[in-house]
Amino acid sequence: MNNLRIALTKGRLEKDVVKILKNVGIDVSELENKGRKLIFRSQNYPIEIVLAKAPDVITYVEHGVVDIGIVGKDTIMENAQDFYEVMDLGVGKCFFAVASLDGYDNKPSHYRKTIASKYPKVTHDYFRQKGEDVDIIKIEGSVELAPILGLADGIVDIVETGNTLRENGLKIYERICDISARVIVNKASMKLKKSEVMNLVEKLQSGI
Amino acid sequence: MNKWRNYVVDGTEDLLFEECTLKNEIITKMKNTFETYDFLEIQTPTLEYYDVFNFLNKPIDEEKIYKFIDYKGRILTLRPDQTIPIARVFSNKIKQGPVLLSYCGQIFRSNQHLNGKSNEITQCGLEVIGAAGGKAEVLLLLTAIKALKDSGVDNFKLELGQYMFYESIFEELPLAQEEKEDLKAIIKSKNIGGLNKFLKQRETLFSLNQYKLLEKLPQLFGGKEVIEECEKLVYNEKSREALQNLKYVYESLESLGYGDYLSIDLALIQTMDYYTGIIFKGYVNSLGEEIISGGRYDSLLGEFGDSVPAAGLAINIDQITKLLKQNIDLKLKYSNKVEGIIFSSEKLFDLAIKLKNESPEKINWKISLEGTFEATLEYCYKNGINKAIKIEDRNGYYICDLNDKGIIERRWVCYE
């Protein structure tokens, strides 16, 4: 039986997921002591794990070079969707919000806002659904800077505690939707390795 | 303005030599199989009016269609599909069914930049127009399976779904349209956790039968056992009929020995209501993409003229070429191993050609287009070819045995 290959988002999500895997008794020692390795095998369960940046997890799953991906709903919403999203892991919880400095909602109704975001598609879909026409500027990081520098009227970003916003004098104007880590599965892998995939999903379900 | 002169357009590629030969061989084999099962080939133009593809419930994302304007201001496209133009042809030219049609050609889709997908795809496909029912569907799948096997593809799975199965269930659900769409998306995504949450929140709205079936729906995929499981869960007439159709097609193909190539997914939900009955999707283990897609689309022909039942499928030849390329040493398979080179002056070139056809010493000779015999010898040394012929005059020629340093031996041969 072939190992299931899983792409895991690097960083905080990786840590949360390692905890869940340990909870359900799956060995992750190679992940905890990485060395120079790029592919990590579990010693007691037929899976291999690779680490990647969030959008790359999706790319790997869509092309079928990994069977399963663990990635935030924010990345899924921003990128194309040609895979199965089978489970909400309930970790990495945060939410999308529209945030800005004071005075954001004091503009005349015909005023065309400029919104900066790391997630232009999410921003576009949200405002379109509201019936509002906005200009969108893509910013890669520290999006809070945009309204402070006067580049944008507001931002769309993920918020966890809200501390970063508060520290920069921004506040939340609109809450868009909740985000959390999801398990995604390549379509062909789901069909061709049904029992292996479903077993892992059930196991993960029991650990959250 | 020649900045892009030396580049291919994103999402397209050049195919050279052995890869090209391989692809053409695959197409030839497929066409032969199609002909064996009495499908008649047709070819439609690469250019079509946009109107041809612009109807409600169209299966193609509008944004992916290459569009341009003609001299009269009409919108033209590079066809994104071959089934729809064939519907146009049937309605206007063939008119009377049932008819079995096959096709092979390029389609064009403007995919997202840098996502690794092709914008130009070669598809071979089949259409059965004017025949409702399972027999047409069995014939289509049977021919496709045979065509794949004949081309050298054996590790594939053909997945069968049924539009009427899930649509009849959804029709009856006491939910607002938007909620139905949400539920469809959750089930399509096989989001088991999300589904449980959705159902629990609306527990009181559903009958026990509905609840049990919906709960199981994302997991109703796999082998024949899925049909049996489903027969116990199904509770409405239309869904039952749809299930029977699926069972008939599955069992017919199984009795012909193709059971191992089949699988079922009752939650094969599509975003557009294009398919009206059976749906097929084919995958290969090592590729992440579909190699076959199709189904029954009884509503299609009505867009062009009289309503007529139709079913068909398309096979992605580029994916198959990619797959087979991995498994064969192409250079070895297609090497037309050149064993000798014949050189002559321009005046004596007719003799060179005649001589090639005679295959002296019974080996494979290539004709040199170099200007001098010395240049021809250089070519031989560089390419490990160890025989060369120099056509001297109309009396005869020299055959030279070579090694990588020079001529070892030279023999004179007279023309008879």
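Residues numbered from 1 in each chain as written. Chains lettered and ligands numbered in written order. Predicted model: local features only at pLDDT ≥ 70, side-chain atom pairs only at ≥ 80, totals over all residues. Heavy atoms only, no water.

Undergrad: I would appreciate a short explanation of the overall build of chain A in the present structure.
TA: Along its length, chain A carries nine helices and 11 strands. When its C-alpha atoms are laid out on the principal axes, chain A stretches across 65 × 35 × 30 Å. Expressed as a percentage of contacts within chain A between residues at least 6 apart in sequence, the contacts between residues at least 24 apart total 67%. Just so you have it, chain A exposes about 10,300 Å², and 47% of that area is on carbon and sulfur atoms. (Helix = DSSP H or I, 4+ residues; strand = E, 2+ residues; numbered from the N terminus. Contact = heavy atoms within 4.5 Å. Areas by Shrake-Rupley, 256 points an atom, 1.4 Å probe, with all protein chains shown as cover.)

Undergrad: How should the sheet that holds strand S9 (residues 154–159) of chain A be read in this particular structure?
TA: Hydrogen bonds between backbone groups are what pair the strands of a sheet, and the pairing can be parallel or antiparallel. All names here are of chain A. The mixed open sheet is built from five strands, whose spatial order is S8-S7-S9-S6-S10. With partners counted over all chains shown, the strands left at the sheet margins are strand S8 (135–138) and strand S10 (171–179), one partner each. Going from strand to strand, the sheet's axes swing by 25° on average, the running direction of each strand aside. Relative to S9, strand S6 (residues 94–100) runs antiparallel, the two sharing five bridges. The partner of Ala97 across the bridge, within S9, is Asp157. (Pairing = 2+ DSSP bridges. Axes fitted to C-alpha atoms, helices over the stretch in contact; angles between N-to-C directions.)

Undergrad: Any chance you could explain the sheet that holds strand S2 (residues 47–49) of chain B here in plain terms?
TA: Residues and elements named next belong to chain B. Overall, antiparallel pairing links the three strands, which are arranged S2-S4-S3 in an open sheet. The open sheet terminates on both sides in strands that have one partner only, identified here as S2 and strand S3 (67–69). Between one strand axis and the next, the sheet turns by 40° as a mean value, whatever way the strands run. Note that S2 and strand S4 (residues 75–78) share three bridges and pair antiparallel. The residue of S4 that forms the bridge with Leu47 is Leu78.

Undergrad: Is there a simple way to explain the pattern of salt bridges in this structure?
TA: Pairs can form between side chains of opposite charge once their charged atoms are near each other. Here the structure, examined in full by the defined rule, presents 50 salt bridges over all chains. Note that Glu160(A) and Arg12(A) form a salt bridge whose closest N and O atoms lie 2.7 Å from each other. Note that Glu160(A) is positioned in the loop between S9 and helix H7 (163–167) and Arg12(A) in helix H1 (residues 12–23), a separation of 148 residues in sequence. Given a relative accessible area of 48%, Glu160(A) falls into the partly exposed group. The residue Arg411(B) makes a salt bridge to Asp401(B) at a minimum N-O spacing of 2.9 Å. Taken together, the residues Arg411(B) in strand S17 (residues 407–414) and Asp401(B) in strand S16 (residues 396–402) connect sequence positions 10 residues apart. By relative accessible area, Asp401(B) is classed as buried at 16%. (Salt bridge = Lys/Arg side-chain N within 4 Å of Asp/Glu carboxyl O. Buried < 20%, exposed > 50% of the residue type's maximum accessible area, 1.4 Å probe, protein only.)

Undergrad: What should I look at first to understand a negative patch on the surface in this one?
TA: Where like charges cluster on the molecular surface, the negative patch consists of Glu178(B), Glu181(B), Asp182(B) and Asp273(B). Within the fold, Glu178(B) resides in helix H5 (residues 177–188). (Patch = residues over 30% accessible without salt bridge, like charges linked within 9 Å, V, L, I, M, F, W, Y side chains within 5 Å. Lys, Arg positive; Asp, Glu negative; His and termini not counted. Charge placed at Lys NZ, Arg CZ, Asp CG, Glu CD.)

Undergrad: Could you clarify how one ought to interpret the interface of chain A and chain B in this entry?
TA: The extent of an interface is frequently quoted as the accessible surface area lost upon association of the parts. With 20 residues of chain A in contact, the opposing surface of chain B contributes 22 residues. Both sides of the chain A and chain B interface together cover about 1,600 Å² of buried area, and 53% of this is carbon and sulfur. Our enumeration of links across chain A and chain B arrives at two salt bridges. As a salt-bridge pair, Lys191(A) and Glu159(B) come within 2.5 Å of each other at their nearest N and O atoms. (Buried area = accessible area lost by both parts, 1.4 Å probe.)

Undergrad: Just checking my understanding: could you explain the packing of helix H3 (residues 134–150) of chain B against helix H9 (residues 237–258) of chain B for this structure?
TA: A pair of packed helices is captured by two measures, namely the crossing angle of their axes and the spacing between those axes. Residues and elements named next belong to chain B. Here H3 crosses H9 at 40°, and the two axes come no closer than 10 Å. Overall, the two elements H3 and H9 adopt an arrangement that is oblique. When you trace H3 past H9, the crossing you get is right-handed. Listed contacts from H9 to Gly134, Lys135, Glu137, Val138, Leu141, Leu142, Ile145, Lys146 and Lys149 of H3 are Asn245, Tyr248, Val249, Ser252, Leu253, Leu256 and Tyr258. Each residue belonging to the contact of H3 with H9 can be placed in one class, and the counts come to nine nonpolar, three polar and four charged. (Parallel < 35°, antiparallel > 145°, perpendicular 65-115°, else oblique. Left-handed = near helix turned anticlockwise from the far one by under 90°. Nonpolar A, V, L, I, M, F, W, Y, C, P; charged D, E, K, R; others polar.)

Undergrad: Looking at this structure, how should I read a nonpolar patch on the surface?
TA: On the surface, Leu145(A), Ile148(A) and Leu149(A) cluster together to form a nonpolar patch covering roughly 300 Å² of accessible area. Looking at the element boundaries, Leu145(A) is found in helix H6 (residues 145–149).

Undergrad: Looking at this structure, I do not really get the packing of aromatic side chains. What am I missing?
TA: The geometry of an aromatic ring pair is captured by the separation of the ring centres together with the interplanar angle, meaning the angle of the planes. Counting across every chain of the model gives 14 aromatic pairs over all chains. A ring pair is formed by Phe156(B) and Tyr261(B), whose centres lie 4.5 Å apart and whose planes are at 15°; its orientation type is stacked. Of this pair, Phe156(B) sits in strand S7 (residues 156–162) while Tyr261(B) sits in the loop between H9 and strand S9 (262–265), and the two are 105 residues apart along the sequence. Just as Phe156(B) is buried, Tyr261(B) falls in that class too. Relative to Tyr415(B), the ring of Tyr397(B) lies with its centre 5.6 Å away and its plane at 55°, an arrangement referred to as tilted. Here Tyr397(B) is found in strand S16, whereas its partner Tyr415(B) is found in the segment after S17, with 18 residues between them in sequence. A relative accessible area of 7% places Tyr397(B) in the buried class. Ring pairs connect the aromatic residues Phe156(B), Tyr258(B) and Tyr261(B), which therefore count as one cluster. Here the guanidinium or amino end of Arg175(A) rests over the ring plane of Phe95(A), the centre of that ring lying 3.8 Å away. (Phe/Tyr/Trp six-rings, centres within 6.5 Å; stacked < 30°, edge-to-face > 60°. Lys NZ or Arg CZ within 6 Å of the ring centre and 35° of its normal.)

Undergrad: Is there a simple way to explain the pairing of S9(A) in this structure?
TA: Consecutive side chains of a regular strand alternate in pointing toward one face of the sheet and then the other. Residues and elements named next belong to chain A. Burial analysis of S9 places five of its six residues in the buried class, the great majority of the element. Here strand S7 (residues 114–117) pairs with S9 via three bridges, running parallel. The residue bridging Ile115 from the neighbouring strand is Gly154, located in S9.

Undergrad: Is there a simple way to think about the confidence of the model for chain B in this case?
TA: Residue and element names in this part refer to chain B. For chain B, per-residue confidence averages 92 on the pLDDT scale, and residues scoring 70 or more make up 98% of the total. Per-element confidence in chain B is highest for strand S1 (residues 40–41), whose mean pLDDT is 98, and lowest for helix H11 (residues 330–334), whose mean pLDDT is 72. The ipTM value of the predicted complex is 0.78, and its pTM value is 0.84. (pLDDT = per-residue confidence, 0-100.)

Undergrad: Would you explain the nonpolar core in this entry?
TA: Taken as a class, soluble globular proteins show a tendency for nonpolar side chains to be buried jointly. By size, the foremost hydrophobic cluster in this structure holds 101 residues, and its most contacted members are Met30(B), Phe165(B) and Leu266(B). When sequence neighbours within four positions are dropped, the list of residues in contact with Met30(B) reads Cys124(B), Ala147(B), Leu148(B), Ser151(B), Ile315(B), Ile317(B) and Ile320(B). Counting 34 residues, the second-largest nonpolar core is a separate cluster that includes Ile6(A), Ile26(A), Tyr84(A) and Leu200(A). (Core = buried A, V, L, I, M, F, W, Y, C linked by side-chain atoms within 4.5 Å.)

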